[in-house]
Amino acid sequence: MYYMSKPIQFRDNHELIMDISKAINGEYSAINCYKKLQQLAPNEKTRTIIKEIRQDEKKHFRIFNEIYRQLTGHEHSPQLTNQCPNSYQTGLDYSFNDEQQTVDFYLEIADKTSDPYIKEQFNRAAKDEQNHAVWFVYLMNRGY
């Protein structure tokens, strides 16, 4: 179990908590979208790539939920914030753009916090998201 290096007051970190809540919802939405995208994928190689990306998103989801719980003392109820496209190619494009936007968002969160654990987790997640974007570009360019 993670314990922050020093207590963080809710009132002083309302913006951070709201950002983490948004990150949780984003990960939850990505997990659901990538499940759909995996089902639409044209072959096993592509399904495996998307499955690995989805596993990373599940890891981020768990970590962000734990951070949220430590900050607030209660669980976050995730909500779907985006609708995943129904076509594979549109889904790839959508996912690429979402991943790219998420990189910037996570780096902003990391920059806003002074807590080393939170900073580390969001920097790590930003790197993963950038890697996912590269995979989605690869899949778009390969035509599968």
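All figures in this text were calculated on a predicted structure; none of them were measured in a lab.

Within the fold, His76 resides in the loop between helix H2 (44-72) and helix H3 (88-112). Take His76: its relative accessible area is 13%, and that puts it in the buried class. Here the side chain of His76 touches Ser21 through a polar contact of 3.5 Å, side chain to side chain. Polar contacts involving the side chain of His76 include one to the side chain of Asn25, which spans 3.0 Å. Residues in contact with His76, not counting those within four places in the same chain, are Ser21, Ile24, Asn25, Asn65 and Tyr68.

Right, let's get into empty space enclosed by the protein. Using the criterion set out here, one finds one cavity of 30 Å³ or more in the structure. Size it by volume and the largest cavity reaches roughly 70 Å³. If you list the elements that add at least two residues to the lining of the largest cavity, you get helix H1 (14-40) and H3. With five residues, H1 is the largest single contributor of residues to the lining of the largest cavity.

Tallied over the full model, the rule gives one disulfide. Paired by a disulfide, Cys33 and Cys84 hold their sulfur atoms 2.1 Å apart. Across the S-S bond of Cys33 and Cys84 the torsion is about 55°, and the bridge reads as right-handed. Of this pair, Cys33 sits in helix H1 while Cys84 is found in the loop between H2 and H3, placing the two residues 51 residues apart along the sequence. For Cys84, a relative accessible area of 11% puts it in the buried group.

Attention now moves to the packing of H2 against helix H4 (residues 116-142). Where H2 meets H4, the axes come as close as 11 Å, and the angle between the chain directions of the two elements is 160°. Here H2 is positioned roughly antiparallel relative to H4, judged by the angle of their axes. Regarding H2 and H4, the two cross each other, and that crossing is left-handed. In terms of residue class, the contact of H2 with H4 is built from 15 nonpolar, four polar and six charged.

Let us now look at the packing of H3 against H4. Running from N to C, H3 and H4 point in directions that differ by 160°, and their axes come no closer than 8 Å. Relative to H4, the element H3 lies roughly antiparallel. Handedness of the H3/H4 crossing: left-handed. Tallied by class, residues from the contact of H3 with H4 come to 16 nonpolar, six polar and five charged.

Calculation criteria
Residues numbered from 1 in each chain as written. Predicted model: local features only at pLDDT ≥ 70, side-chain atom pairs only at ≥ 80, totals over all residues. Heavy atoms only, no water. Helix = DSSP H or I, 4+ residues; strand = E, 2+ residues; numbered from the N terminus. Buried < 20%, exposed > 50% of the residue type's maximum accessible area, 1.4 Å probe, protein only. Polar contact = N/O pair within 3.5 Å; in protein donor to acceptor, adjacent residues only side chain to side chain. Contact = heavy atoms within 4.5 Å. 1 Å grid on protein atoms, 1.4 Å probe; cavity = no way out; pocket = protein on both sides within 12 Å on 5 of 7 lines; lining within 4 Å. Points joined across faces, edges and corners; volume = space filled by probe spheres on them. Disulfide = S-S within 2.5 Å. Axes fitted to C-alpha atoms, helices over the stretch in contact; angles between N-to-C directions. Parallel < 35°, antiparallel > 145°, perpendicular 65-115°, else oblique. Left-handed = near helix turned anticlockwise from the far one by under 90°. Nonpolar A, V, L, I, M, F, W, Y, C, P; charged D, E, K, R; others polar.

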